[in-house]
Structures are given as structure tokens and as C-alpha cells.
Amino acid sequence: MNNKLNKFKGGLKRGFKNQDDFKGKKGKFKKKELYKSKKKPWELIDEELAELQQRYPQIDSANIKKFTDFPLSGKTQEGLKGANYDTPTEIQQEAIGLALQGNDILGAAKTGSGKTLAFLIPILEGLYRLKWSQLDGLGALIISPTRELAYQTFEVLKKIGKFHDFSAGLVIGGKFLREERDRISRTNIVVCTPGRLLQHMDETVNFTADGLQMLVLDEADRILDLGFSQSMNAIITNLPSERQTFLFSATQTKSVKDLARLSLKDPMYVSVHENAEHSTPSRLEQNYIVCELHEKLSVLWSFLKSHLKSKILVFVSCCKQVKMVFETMRRLRPGVTILELHGGMNQLKRVDVYNKFCRKQNAVLFATDIAARGLDIPAVNWVIQLDCPEDANTYIHRVGRTARFEKEGESLLILLPSEERAMLQQLQAKKIPVERIRVNPKKMWPIQQKLDSLCASDPSFKELVQRAFVAYLRSVFLMGNKDVFDIHKLDTDLYARSLGLAISPKIRFLQREKRKNAKVEKIISRPDAQNVKSSSDSEDSEKGHSEKMDSSESENSDVSSSESEDSEDSDSENNCSHLDVNSSENTGKVVINKEQNLKNESEKAKIISDSSDDENSDSSATDSEAVIHANRSAETERTQKHMKSATSGSSEKTNKSKNNPEKTFNFDVTEDDELFTVKRNMEIDEEEVDDIKLTKPSADKKKPLSKFATAKKLQKKNVKVNTKVVFDDDGEILPDAMKQSVLVQAEYVENEGGINIEVAKRHMKEEDKFDKKLYRERITAKHKQERIKKKEKERAKKKIADSDSEVEAILGQDEDMGNPLDFIPDPDKLYGSDSEGSVDGSDSSGSDSSDDDEEEEEDGGDGGRMQTFEPSVKKRKKNPNKYTTGHADGAIMDTGLSLYDDEEIALKLLQK
Ligand SMILES: Nc1ncnc2c1ncn2[C@@H]1O[C@H](COP(=O)(O)OP(=O)(O)OP(=O)(O)O)[C@@H](O)[C@H]1O
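Residues numbered from 1 in each chain as written. Predicted model: local features only at pLDDT ≥ 70, side-chain atom pairs only at ≥ 80, totals over all residues.

## Re the overall build of the chain
Part 1 of the argument: Looking only at helices and strands, the chain features 39 helices and 16 strands.
Part 2 of the argument: In the chain, buried positions account for 38% of the 912 residues.
Part 3 of the argument: Taking contacts inside the chain between residues at least 6 apart in sequence as the whole, the part at least 24 apart equals 76%. (Helix = DSSP H or I, 4+ residues; strand = E, 2+ residues; numbered from the N terminus. Buried ≥ 20, exposed ≤ 12 C-beta atoms within 10 Å, placed from the backbone. Contact = placed C-beta atoms within 7 Å.)

## So, the site of the ligand
Part 1 of the argument: Around the ligand there are 19 residues in total, and Thr111, Gly114, Lys115, Thr116 and Phe405 lie nearest to it.
Part 2 of the argument: Top element by residues in the shell around the ligand is helix H6 (residues 115–129). It accounts for three residues.
Part 3 of the argument: Looking at the shell around the ligand residue by residue, the classes come out as six nonpolar, ten polar and three charged. (Near = placed C-beta within 6 Å. Nonpolar A, V, L, I, M, F, W, Y, C, P; charged D, E, K, R; others polar.)

## Quick notes on the packing of helix H7 (residues 147–160) against helix H15 (residues 347–359)
Part 1 of the argument: Axis separation between H7 and H15 bottoms out at 11 Å; the angle between their running directions is 60 degrees. Between H7 and H15, the interaxial angle falls into the category oblique. As H7 packs across H15, the resulting crossing turns out to be right-handed. Facing H7, whose interface residues are Arg147, Glu148 and Tyr151, H15 presents Gln347, Arg350, Val351 and Tyr354.
Part 2 of the argument: The class makeup of the residues in the contact of H7 with H15 is three nonpolar, one polar and three charged. (Axes fitted to C-alpha atoms, helices over the stretch in contact; angles between N-to-C directions. Parallel < 35°, antiparallel > 145°, perpendicular 65-115°, else oblique. Left-handed = near helix turned anticlockwise from the far one by under 90°.)

## Side note on the pairing of strand E13 (residues 409–415)
Part 1 of the argument: Taking burial as the measure, the seven residues of E13 include seven buried ones, the bulk of the element.
Part 2 of the argument: Where burial is concerned, the two faces of E13 agree: the one with Gly409, Ser411, Leu413 and Leu415 and the one with Glu410, Leu412 and Ile414 are both buried.
Part 3 of the argument: Summarising the sheet, strand E8 (residues 284–290) and E13 pair through seven bridges and their orientation is parallel. Bridged to Glu285 within E13 is Glu410. (Pairing = 2+ DSSP bridges.)

## So, the sheet that holds strand E1 (residues 105–108)
Part 1 of the argument: Overall, parallel pairing links the seven strands, which are arranged E3-E4-E2-E5-E6-E1-E7 in an open sheet. The sheet is open, and its two edges are formed by strand E3 (168–171) and strand E7 (268–271), each paired on a single side. Each neighbouring strand pair of the sheet contributes to a mean axis angle of 15 degrees, computed without reference to strand direction.
Part 2 of the argument: Pairing between strand E2 (residues 140–143) and strand E4 (residues 189–192): four bridges, direction parallel. Considered in E4, the bridge of Leu141 is made with Val190.

## Topic: the nonpolar core
Part 1 of the argument: Residues Val216, Val314 and Phe469 are the most contacted members of the largest nonpolar core, which totals 141 residues.
Part 2 of the argument: With near-sequence residues (within four places) excluded, Phe469 lies in contact with Tyr495, Ala496, Leu499, Leu501 and Pro505. (Core = buried A, V, L, I, M, F, W, Y, C linked by C-beta atoms within 7 Å.)

## A few points about helix H5 (residues 90–100)
Part 1 of the argument: Among the eleven residues that make up H5, ten are buried, leaving the element largely enclosed by the rest of the structure.
Part 2 of the argument: Residues of H5 that are buried include every one of Ile91, Gln92, Gln93, Glu94, Ala95, Ile96, Gly97, Leu98, Ala99 and Leu100, and no others.
Part 3 of the argument: The secondary structure elements touched by the buried residues of H5 are E1, H6, strand E6 (244–249) and E7.
Part 4 of the argument: Directly after H5, the chain includes Gly102, whose backbone phi takes a positive value near 95 degrees.

## Let's talk about the sheet that holds strand E11 (residues 363–367)
Part 1 of the argument: In space, the seven strands of this open sheet follow the order E10-E11-E9-E12-E13-E8-E14, with parallel pairing throughout. Two strands bound the open sheet, and with one partner strand each, they are strand E10 (337–341) and strand E14 (435–436).
Part 2 of the argument: Packed on one face of the sheet, H15 meets E10 and E11 and runs near 140 degrees to E10.

## Structural notes on unusual backbone geometry
Negative phi characterises most residues that are not glycine, and trans characterises most peptide bonds.
Part 1 of the argument: Positive phi is not limited to glycine here, since Asn84 has a value of about 65 degrees.
Part 2 of the argument: As for its placement among the helices and strands, Asn84 is situated in the loop between helix H4 (74–82) and H5.
Part 3 of the argument: Phi is positive for Phe405, which is not a glycine, with a value near 40 degrees.
Part 4 of the argument: Mapped onto the secondary structure, Phe405 falls in the loop between helix H16 (392–399) and E13.
Part 5 of the argument: For Phe405, a count of 13 C-beta atoms within 10 Å gives the class partly exposed.

## Some details on the confidence of the model for the chain
Part 1 of the argument: Looking at the chain as a whole, its pLDDT mean stands at 71, while 61% of the residues score no less than 70.
Part 2 of the argument: Segment residues 1–17 is flagged for pLDDT under 50; beyond a separation of four residues in sequence, or across chains, it makes 25 contacts in the model.
Part 3 of the argument: Predicted confidence is poor over residues 803–892, with pLDDT under 50, and the contacts of this stretch with residues over four places away or in other chains come to 93 contacts.
Part 4 of the argument: As scored by the predictor, the complex reaches a pTM of 0.59 and an ipTM of 0.99. (pLDDT = per-residue confidence, 0-100.)

## Points about the packing of helix H9 (residues 194–203) against helix H11 (residues 226–237)
What describes two packed helices is the angle between their axes and the distance between those same axes.
Part 1 of the argument: Their axes nearest at 9 Å, the elements H9 and H11 cross at an angle of 40 degrees. Judged by the angle between their axes, H9 and H11 are oblique. Note on packing geometry: the crossing formed by H9 with H11 is left-handed. Side by side, H9 and H11 meet where Pro194, Gly195, Leu197, Leu198 and Met201 of the first sit next to Phe228, Ser231, Met232, Ala234 and Ile235 of the second.
Part 2 of the argument: Residues of the contact of H9 with H11, tallied by class, amount to eight nonpolar, two polar and no charged.

## Details of the pairing of E6
Put simply, side chains in a regular strand alternate between the two faces of the sheet.
Part 1 of the argument: Burial analysis of E6 places six of its six residues in the buried class, the great majority of the element.
Part 2 of the argument: Side chains Gln244, Phe246 and Phe248 project from E6 onto one buried face, and the interleaved Thr245, Leu247 and Ser249 project onto a second face that is buried too.
Part 3 of the argument: In the sheet, E1 pairs with E6 via four bridges, with the strands oriented parallel. By the bridge assignment, Gly107 is partnered in E6 with Phe248.

In C-alpha cells, the structure reads:
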């Protein structure tokens, strides 16, 4: 059968249009029919095209039951068949025919209703009709908001277009740019994300879109919104205006401005579900619960634990939040595969995660809105929206990841009490049926303690949580719809606690915003008559500002969230990183609710301190902030001038200003004067003091001198810098070689017209001589010093030796009577070490008690006079030479007798 099919395919390639043409009565293929055609291939193609085109005007969507009812080429038919696409969906029925007829299309249909084929089929057919080849370059462009969606579309294109001869390419960020460069100019159908396409348009030399025939914007409303506006405007300018354009989305744009940007020509608006009861798939069961912010994680955990056999997709607001929730759940080990997907991941990992989640039967994927649009992940049972979606459209796309193409699915939206009312209104307006369900408290799994211990035991985890905490709050803060997203209604402290953080991280953007609001309030409250009008004006303008702020915040939020979706540029991730830098500081505590209740007076008092900071406010301030700042800069400047004039004068003046702050600062002073003063003293004084420091002797207000200016000044005053005076031990100044060098250099400087080699040589020689002399002197002085030291040491040694013998003598004699044997030479001098043995063997005893004891032990000596002269063994050991003496000739005399005997002999000799 396969062989036959292959032959049949061959037949198709030769231009035959219908499989049945080649079958006999029994349904078998007729080989003869199949191979008998003698026509050239291009002739067959021409014939086929002519016939197809002939049928285009007669396309009636009502008559289309199967794909084969469309006038489609054999190759496309075969591709569709191979991919098991038999019956077109509603949007396909409607849109394909109109597209084949050459219309621009604005296609809208529910999620999972098959919009992808609705534009891919016309693309294949359009290029086939034009006999597009590789040499013709780019013929069709499909732009997707995310890499994953582009990848998925490319996969479908490969499936249904595999019998065509076109070249197709996936051009998305994070892939090999050089490889793409080599191929993109030869690619007929490019599926891409806006950023990467623009990069090629800018950088790839031979890539041109001049021949483009068809442009598709998948998720068109997203592609055309602010997040991509810059890239898209640039891309559109590079495209030929003569082309066919298709815009598809479940939440289609009808903005005339958008359509004008794309220069659509009489576009056909195809919205197949416009009159449907609901804008979400009918088989989707949608629920919501209301829970406090600090309960969210445990609700999620409890849900996962009770749905371990499901495939669940969990949406959160930003990538830091994904990382945190993923890491938390991973560490808690719910017993199911857990995955994460966000723009901060590299492309390979993203594709890997996407494929893994597609393959898995039971798994949980935590993702940002990069997974919200277009992704066709099979068999997702649940979509959980842990963080409230930006708007109803985002909700539709998120829940659309389940209940796709006639399948069933469920969704759960987790709302905070502050979000409930406004969000439900939005959903209702969009015909989205959601039903409230309640969490059974008995089924809740508390995780607080685990989180506490995780944060306490792992600093990196704690940091992750801190970052996520701030990132989440920032995402709420940046959301445009303040009815839904009111950060001031959140108990951030409790939320921090619930995440396991002992202290709430600092929320800088909130503090900045508060300062700004306070500043605006301060300006409005200025009472002076001249400013009555301007005050009211400024009030108006403030309203304008706040409106502007709201709108631009909303823009920002769009950008932020959209960029967070944009996997391609992953700027959102950068956004997150920005705020993380801020967020990493976790000291301080912000209790929003309390702050909200601050009295006006105290806020006013704070204004003074904050107004100075405003100028230096974060460089990452948004445009809206800049606008506000610019608009009220005149007022601010004036206020600051007042402040400076109040502080720049004498202290008396400062006191005055304190006494009459109304006059000085143009503030309404209420009964709460004390608080006002204290606050100012506490918070503005720093700046005031700075001002005073700078301005007190206002005439002396000087600029800090630059290094160059300082050097010049010193030179003028003839101060020699970098001179070193070296003193010797006696306090004498030592000549310094450096001095000589400096002098020499000075001569060089004086010698105009460059360096004179001869003079230089001479100076070098002189310097060399000087160095040598200096060296010799130092060495001589050093040697002298050493000699002196040595002598001193010897002298000291001698002294000790003398004193030693003295001590021995004294200790050995009777204190009352002098030593009767003084004439006897010192035995130390008489006996050397050699005499030791004899001494040991004699009846000697120590001279001092201790020594006596020792010797008694050793020898059991008999005491007696002789003891006195006998140095202890120790002493002998210490001074072995003391017991040796010599004759004039230097020979050592040793009688071999004891000292006593020697004495006897000596006396006898003397008597003689
Ligand atoms: N004619 C068809 N026959 C059978 N299955 C189809 C047909 N058309 C589309 N599908 C399947 O329906 C699913 C959804 O299709 P697709 O992704 O094109 O929907 P979509 O409308 O683009 O959704 P989204 O709005 O979420 O982007 C896919 O799995 C696709 O294979």
C-alpha cells in the first residue's frame, strides 16, 4: 500500500489532482493511468494552477465540509491529510476561502479553534500559485509574539507543507544568528519574532523583504500593542505595501489606528464566534476563588497536592515570581513533575521545557504570560491563575491553554479580595462565565513553617523570595487598572511573613511614589494669594497628572507585562532584574495600610524632606514620572528656592524661618506644628545643614579644586611637593638620591629643545658617582654600627662571667671571715673540661644548697672546705674553660690529684 501511495504521490507531483482518478473499480490504483502522462512537470503545474484559480471565485464557505472542498493544490492536500486534518474548523472554513480570493483578513475566533491553519494554508497556496522558488527569497512572513509560539507554528508549517518545495525558516532570538544569516536570504517562508526579524533587517546584508507577498500577524492584538510598537513600526517600513495581510487573534484588534499602520486594504473581518454566548471555549469550566495574598501559596500547594494526576499550567505575574513559586514547590516535593517557563531562561532550555511539558501526562508548569498566547500544549487539565491577569483578554488567552479543539478543561482564577469586584466586572463584560468556588479549609495544607525554615536555612532561597516579593508588588504597582490592582490594599507585611521572610523587604518604588504624591499635594496646598489661581490650576493639572500618571502607568504596565511576555527580547526579565537590584535590600519595613492612614499634616511635613530627594529620584523613573516632574518643576524649583533662601542665610535667618515656616516654606501651618517641626528637623535638616555649610559664609562658596589647579597653586607658591627628608638615628638629615634626580630633571626641563644626550650622559655619570658614594657611606656606617654592637656584646659577656665567678666565690665562703685561700687560683681557670671526670669522681659537694643536694645524691660527698672552691657540676658545664689553665707555654697542667692534694703540694713547695 505504501508503494502504491508513493507512486500516487509521484502522480501528484506530475500534476494529477485527485487520488480517485487513478483508481479502478475495486479501488486499486491503475498503474497505466498513473504513469502514462507524457506532459512535462511544469505543464502539469500550470494546468493545476489554472484550474485552481478558476475555482477561487466560487468558494462558498457554507459548502465547505472537508479540506478537499477547497481549491487547494495536491501538495497542500497531501500535507493536510498526512497531518490528519480532514474537516476544517469554523474559522478555517470562513477564512481560507477569503484569503485564497486575495483578501486581507482580520480573523478572530476562540482559543484553540484552529486559527493557525487558517493562515498557513493560504500562505502555501499563495506561494504555490506564484510558483515561488528559493531564488525569489522571502515570500511570506509570520510574526509571533513569543518564541514558543513561533516554534509551534513552524512545526505545523513543516507538517502540512512537507510536499511543497519552499524553504522555510524559524527566526527567533536565542538561536544561532550566523546560521540564520546564511540562510534567511534564501528562505521563502519565515516564522519569526519581531525583534529578531528586525535584527536581520538591520544587519543581514543580503536579506530583503522587497518581494514579500503575504504578511501574517499571529496574536495580532499583542503584536500591535505597545510592547512591540517600536519594532513593528520599523519592520512595517521595510515591507512592501503591495502585499496580502492576515491578522489573527482570539481577541482581535479593531483599532483603526492599528489597521492603518498596516495599510490593510478592505480587510474582511472574520469573527466566527462573535455572536456566541461566551467568548471562551464552551467545554471550559471556569472557576474562581477569593483568598488573601498571604494565603495564596498554601492554597496553591493544597491544590497541587489534591491534583497529582493532572496536567496543570500555573500563571503568575512575573519571572521572579515563577522562579520563587517553582523553587518553593520543588523544595516542598509535591510528588509530581514540576517545570518552569519564563523569559529569563535560555532558548534551548525553554524549548526543552515546552517539549517536556507537552509530552508529560501529569506535570505542573509555572509560567509567565509567555505561555499565555497561542501555545497548543496537549491535554492540559487545569489552568491556574495564581496572580490576577492584567485584563480580560489576558484571562481569555491564559485559560485558552486548556479545553482546546473540542477537548475539555478547567480553570481556576485566584483573586484577592481587592481584585474581585473590578475583575469580575471585566470578565462579565467580555462574556466570560466564571463561577465562584470556596476552598475547603479541611483540605488545606499549611506550609508556613516549611517556608520559614527554608528561608532561615538557605540564604539563596531567601533572596529569591525577597526578589519575588518585590517583583510581584511592582507588577501590581505597574498595572494600569487601579480598580483591580491597588497595591495600597495589600498587607505586604503579612505577605512577606507568609513567604517565610521575617522582615518585609524594602519597597522603594512605593516610597518614591509616595514622595511624589506628597510633593504634588504640597504644591497644591500653597496658600499665597498670588498663587490662588495657579494653585487651582495646579490642582487641575495635578488631576491631569494623576490621570496621565495612571494612563502612562498603564502604558508602562503594558510594556512591562508585555515585555515580560516577550520571550524574544526578555526585557521584562531585565525589568525584573532592575527591581531586584532594588529589592535585594531587605531592611526596613513598609506598612502600606498604615501609611495610607497618615494624616495630611504629617505627610506635608514629610514632603519637605522628600522634595529634595525627588530631583535625585531613581534614574529609572518612568516617562510618566518625567512628565509629571517636568510639569511641576517650576513649582518645585520655587519651593526649593524658598527652602534654600531659608537655610542659606545666617542661623538667625534659619531660626526666623523656623519661627515662621508659613512664610518661608509657603505651607499651611496647622495645629500640628510640633510634628511639622520635628519631622523637618529629623528629615530635612541634613539637607538644610548641607545648605548652611555651603552657603553660610555665602561669599566663600567655593568650588572644590581640581588636582591640576592644586598643583598649579603649589607651583605658584613655590612649594616643593614630593620632597622626602630622611633622618638617621642621630637625627641628622641624610642626603637623598631623589633630590639629585629632581635637580637633574630640573636641568633637563630648563634645557629647551629636547634632551641633550651629552648633558644627559654627564648627569647620569654624576648621579652614578653620587649613588656609589652614598652606597659606600651607608655600608661603612652599617659596618661601624655592627662592630660597635659586637664589642658591646663582648663586654657584656665578660661582665657576666666576672660576676658569675664572684657569686660563686661569695657563696662558697664564710660571710664573717674573709677567704683564707684567696691566693689559690680560680679553679675555673685552673681546670678545663678535661678535669671534669676527676671532679666527678672526687668527694666534692656543691657550693650552694641545691647543688649540694644534687651532688650529695650523686656522690654522697663528704663536705669540707674544698667544696667552696669546687664549682658545681653545673657551673663547670657552663664554663668548662674555668677549670683549665695553662702554663706559660700554654700546656694544661693536670696533677691527677684532688684539689686539696694539689693545695697541699703547692704549700709544701712554697715552704721549700
Ligand atoms: N481542522 C482541524 N482538524 C483537527 N484538528 C485541528 C484542526 N484545526 C486545528 N486543529 C487542532 O486544534 C488545536 C488548536 O489549533 P490552533 O493552535 O491553531 O488554535 P488557535 O485558534 O490558533 O488557538 P490560540 O487562539 O490559542 O492560538 C491544534 O492542536 C490543532 O492541531
